[in-house]
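Structural features, examined
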Amino acid sequence: MHKKGTLRQILLITDGCSNQGEDPVAMAALAHEQGISVNVIGVLNEDAPEYHRQGLKEVEDIAMAGGGISQVVYARQLAQTVKMVTQKAMAQTIKGVVNAELQQILGSKSTMDDLPPDKRGEVMEVVDEMGETMNLEVLILIDASGSMEDKMLTVQESLLDLSISLNSRIGDNEFAIFAFPGKKKEVDELLSWSSRLDSIGKVFSKLSLGGITPTGPAIKEGIAAFARKRSSKRSFLSDDAPGYIEESGM
Amino acid sequence: MMPQDISKSPVCNLAAGEEIRGKWNKLPYRIRRRLGYGATGAVYLADSMNGSVALKIGHDQMSITSEVNVLKRFSKVQGKVLGPSLIDVDDWQTRSGTYPFYAMEYLKGETLFDFMKARSPEWAGILLVQLLTDLHTLHQAGWAFGDLKPDNLLVTGPPYRIRWIDVGGTTVMDRSIKEYTEFFDRGYWGKGSRKAEPSYDLFSAGMVMVNLAYPARFTRKSDPDRQMHDLRKNSPMLRPYAHILEKAWNGKYRYAEEMRNELVLLLNENDKRSVKKNKKSTVQKSTVQNRTRQSQKKKEKSFIAETFLVFTFVFIVYLFYILGQTM
Ligand SMILES: Nc1ncnc2c1ncn2[C@@H]1O[C@H](COP(=O)(O)OP(=O)(O)O)[C@@H](O)[C@H]1O
Ligand SMILES: [Mg+2]
């Protein structure tokens, strides 16, 4: 059985607390309802880790509401973390879909973990196969408030590295990059949907770092970008499973 | 959902003498000591009903299940032992949660670094030949190893043989590599994709050699090609292999066998040269010894006769040696 569907993720990279506009946790819940998982990486400051710890609660809450994963790291660990979070989030969504299928077949509340080890192996092969072949759309939201300034080069390198990993998969990938706050608006589009991130350097040079942190409005804008993409494809499909759209039957 | 500090997890802190029993197969294991731990969990030496085993206990169902899938496949690669063999798969239930584990063959050996510390540098080449032989078999079976690095290799024996452990990165060909380590990853060095193919492993194999010469490792500079070129040239250990390492670095080998054969050729060449040198020096030595001994008797004996005598002597010894071998 071969399935080809699309996984939709928002990856939020931030170092602090939001302070403007809609509640980001609510916006994450809204995204989740529409089949987009919201994953968050909290970047700690090497010099003042304690200052930023307050922001961690929000990082966790956003990811939880968004059906995604959160991780708090120092800037130097960013490359590994960006990949790890993206891939874990994919696996988690797929596992959710597979578990839902299992419950249909086996009934009750059984999940993959309740299966005996040898059956689990077979399910894992399906999960692997899906992770490799499904299409992936990642919308990256970058906190461009002033305190992130010294981390931008690392963010840029991490994203480039992420694209090397994801483009080694069989399935297609599309990336879009948004930054907040924008120059004149709350959120600016830095890169519209594209399968390559090679030109990412130019994108980052356009960036100007601002003072406010409108995380909620940024997530909302992200949802809108997914919607625009879907309607432009003119293939509005049922989106029942979170983060997962079936395009051909299982 | 993921513990931030793995070393604090119950999985990493089993005490010696503790017994764990699987939830499904009910087989008991008594912990002897921890062998090591990494991102996926911890590995213990333990006693089972059928002798010592290595027990890998993880936090994450999916990664342990993936590894088990790979180990199961390995036992099907015709007759060849690749990696430790799989013995049992089960779950360990505790008050704080259920942890997946598997038991595998315990490989008794030394780490690559420890082994090389006590040995001459040509061993590095020989171990690499062995590794490439195994990689070729693995590639033929449709897999790439992925996370090739000294931590995931052991030298067992004598007779000494390199073996790999930790199949967490082992990936079906043409898929994206499941797990890797930056220093050994060609993606990190800007030298290609993370697609599972023979050249991916061969790049890492080359970097294992580089790591043996530079145990502290190092990070990427702005011109990695130049950087590596200089590092190869500046290491007496790497210099003889520079040409082969450069080809692996640039993804020029399509099959592990190609790289292996070039390496074997090179090692043989080196051998011949050193053997030639040795022969010459032993002949010279014995000539000198003979000369002094004989000079005490007949000083007028000509040099040609002397050498003739030496060769006859060597020849007779050799005859006896051959006879001894065939009898
Ligand atoms: N089969 C085995 N026999 C002997 N030692 C082993 C075996 N498997 C693992 N080890 C030891 O345990 C360490 C960690 O195991 P590994 O499988 O590499 O874990 P991780 O996936 O967490 O990196 C290894 O570096 C090695 O020293
Ligand atoms: Mg390991």
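These lines cover the structure that appears in this document, whether it is placed above or below. (Residues numbered from 1 in each chain as written. Chains lettered and ligands numbered in written order. Predicted model: local features only at pLDDT ≥ 70, side-chain atom pairs only at ≥ 80, totals over all residues. Heavy atoms only, no water.)

1. With respect to the overall build of chain A
Note the following rule: Secondary structure is summarised from DSSP: a helix means a run of H or I of at least four residues, a strand means a run of E of at least two, and numbering begins at the N terminus for each. When a residue's accessible area, from a 1.4 Å probe over protein chains only, is under 20% of the maximum for its type it is buried; when over 50% it is exposed; and in between it is partly exposed. The contact criterion used throughout is that any non-hydrogen atoms of two residues lie within 4.5 Å. Here the Shrake-Rupley method, with its probe set to 1.4 Å, supplies the accessible areas, and only the displayed protein chains count as covering residues.
When helices and strands are counted, chain A shows seven helices and seven strands. Written out in order from the N terminus, the α and β elements of chain A read β-α-β-α-β-α-α-β-α-β-β-α-α-β. The buried share of chain A, taken over its 250 residues, is 55%. Contacts in chain A between residues far apart in sequence, at least 24 positions, make up 77% of those at least 6 positions apart. As displayed, chain A has an accessible area near 10,600 Å², and 52% of this comes from carbon and sulfur atoms.

2. Notes on unusual backbone geometry
Phe180(A) connects to Pro181(A) through a cis peptide bond whose omega is -5 degrees. Its place among the elements puts Pro181(A) in the loop between strand E5 (173-180) and strand E6 (188-194). Residues Pro158(B) and Pro159(B) are joined by a peptide bond in cis, for which omega reads -5 degrees. Unusually for a residue other than glycine, Lys26(B) sits at a positive phi of about 65 degrees. Position of Lys26(B) relative to the elements: it lies in the loop between strand E1 (19-21) and strand E2 (28-37).

3. What to know about the sheet that holds strand E10 (residues 161-164) of chain B
All names here are of chain B. Under the convention used in this document: If DSSP finds at least two bridges between two strands, the strands pair. Here the axes come from fitting lines to C-alpha atoms, over the contacting stretch only for helices, and the angles between their N-to-C directions go from 0 to 180 degrees.
Pairing within the open sheet is antiparallel, and its three strands lie in the order E7-E9-E10. Across the chains shown, the open sheet's two edge strands, defined by having one partner strand only, are strand E7 (109-111) and E10. Averaged over neighbouring strand pairs, the angle between their axes works out to 40 degrees when direction is ignored.

4. As for the site of ligand 1
Residues and elements named next belong to chain B. The condition that has to hold: Residues are classed as near a molecule or strand on a simple rule: at least one heavy atom within 4 Å of it. Polar contact is defined as a pair of N or O atoms within 3.5 Å, subject to the rule that within protein one atom must be able to donate a hydrogen and the other to accept it, and that residues adjacent in sequence are counted only when both atoms are side-chain atoms.
Surveying the vicinity of ligand 1 reveals 19 residues, the closest of which are Gly38, Thr40, Lys56, Leu107 and Asp166. Note that a nitrogen atom of ligand 1 is positioned 2.9 Å from one of the backbone N or O atoms of Leu107. A distance of 3.1 Å is found between an oxygen atom of ligand 1 and a backbone nitrogen or oxygen belonging to Asp151. Against a free-state accessible area of 550 Å², the protein chains account for coverage of 87% of ligand 1. Counting only elements with at least two residues in the shell around ligand 1, the list comes to E2, strand E3 (41-48), strand E4 (51-58) and strand E6 (97-105).

5. Examining helix H6 (residues 242-249) of chain B
Residues and elements named next belong to chain B. Where we set the bar: Arc definition: it is the arc formed by the directions from the helix axis to the C-beta atoms.
Ile244, Leu245, Ala248 and Trp249 are the residues of H6 that are buried. Down the axis of H6, the buried set is contained in an arc of 140 degrees. They therefore lie on one face. Phi turns positive, to about 65 degrees, at Gly251, one or two residues after H6.

6. Considering the nonpolar core
The condition that has to hold: Side-chain atoms within 4.5 Å are what join buried Ala, Val, Leu, Ile, Met, Phe, Trp, Tyr and Cys residues into a set we call a nonpolar core.
Core analysis: the largest hydrophobic core is formed by 58 residues, its most contacted members being Leu131(B), Leu135(B), Trp164(B), Met207(B) and Leu263(B). Within the second largest apolar cluster, 47 residues are counted, among which are Leu78(A), Met130(A), Val155(A) and Met62(B).

7. Notes on the layout of surface pockets
Stated precisely, the cut-off is as follows: Cavities and pockets were defined on a 1 Å grid built from protein atoms only: a cavity is a group of points that admits a 1.4 Å probe but offers it no way out, a pocket is an open group of points flanked by protein on both sides within 12 Å along at least five of seven lines, and a lining residue is one with an atom within 4 Å of any such point. Grid points are joined across faces, edges and corners, and a volume is the space filled by probe spheres set on the points. Each residue is assigned to one class: nonpolar for Ala, Val, Leu, Ile, Met, Phe, Trp, Tyr, Cys and Pro, charged for Asp, Glu, Lys and Arg, and polar for all the others, Gly among them.
Empty space within the second largest pocket amounts to approximately 390 Å³. For the second largest pocket, the lining is made up of 16 residues, of which Ala79(A), Glu157(A), Ser158(A), Tyr188(B) and Arg220(B) are closest to its centre. Counting residues per element, the ones that place at least two in the lining of the second largest pocket are helix H3 (78-106) and helix H5 (152-166) of chain A. With seven residues, the top contributor of residues to the lining of the second largest pocket is H5(A). Classifying every residue of the lining of the second largest pocket gives five nonpolar, six polar and five charged.

Geometric values such as these leave the question of function open.
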